[in-house]
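Each chain, written out:
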Amino acid sequence: MRPTLMIAALLFSVPHASAQSLPTLTGGPGAYTLSVPYLEYGSGTSRQAFSVRLDSADLSSFRLHSPSLRSETVLASASGPVTVSAGPTYRMTIPALSYGGRTYTLALTSTDLSLFVLDPGSVREVTPPGPSGTNPPTNVAVSQVNAQTIGSRQITSSTRLGVSWKAWR
């Protein structure tokens, strides 16, 4: 195991669970932030998951923001997660990244896990998930499930919600 990877593994040791969501790129000229809420490294029983933030001044290279490193719960089946593959050169593959109301796919490479360089040939705009040529769901509503009234207070579950929406058109 390379020493840089061992150091990164030690930094990732604090447990913190969160749901997978789409990585986002925010900011503007001179100061960009790439937030990756869920990425996977390794395979099989050695698979690990993390959340991380990378900063960039020009979108051509991204520096790891070390205080943002968090260990995450490995999802049994994550659809299209960000992955980091090992080798002499590490490759972070981002299948879907949200920026400016559009979605892109791209890859970043690194030799030391602290500085990632954009692979320009990997960047392309992708259609957001869903049937091609359709609009996203509408009338999304969230409601409480199994609400109970005790005295004058209504008590609801903090872990269960009902969600409904109008189907794709």
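As shown above, the structure is provided for reference.
Residues numbered from 1 in each chain as written. Predicted model: local features only at pLDDT ≥ 70, side-chain atom pairs only at ≥ 80, totals over all residues. Heavy atoms only, no water.

J.: Is there a simple way to explain the overall build of the chain in this structure?
T.: A tally of regular secondary structure across the chain gives 1 helix and 14 strands. Evaluated residue by residue, the chain yields a buried proportion of 25% over its 169 residues. Accessible surface for the chain amounts to roughly 10,600 Å². Of this, 57% is attributable to carbon and sulfur atoms. (Helix = DSSP H or I, 4+ residues; strand = E, 2+ residues; numbered from the N terminus. Buried < 20%, exposed > 50% of the residue type's maximum accessible area, 1.4 Å probe, protein only. Areas by Shrake-Rupley, 256 points an atom, 1.4 Å probe, with all protein chains shown as cover.)

J.: It is not clear to me how the pattern of salt bridges should be interpreted in this structure. Could you clarify?
T.: Pairs can form between side chains of opposite charge whenever their charged atoms are close. Counted under the stated rule, the structure contains 4 salt bridges. Taking the shortest distance from any N to any O, the salt bridge between Asp 55 and Arg 53 comes out at 3.0 Å. Asp 55 gets classed as partly exposed once you look at its relative accessible area, which sits at 24%. Its salt-bridge partner being Arg 102, residue Glu 125 comes within 3.7 Å of it at the nearest N-O pair. Of this pair, Glu 125 sits in strand E10 (residues 124–126) while Arg 102 is found in strand E8 (residues 102–110), placing the two residues 23 residues apart along the sequence. Here Glu 125 falls in the partly exposed class, since its relative accessible area comes to 46%. On the basis of relative accessibility, which here comes to 45%, the residue Arg 102 falls in the partly exposed class. (Salt bridge = Lys/Arg side-chain N within 4 Å of Asp/Glu carboxyl O.)

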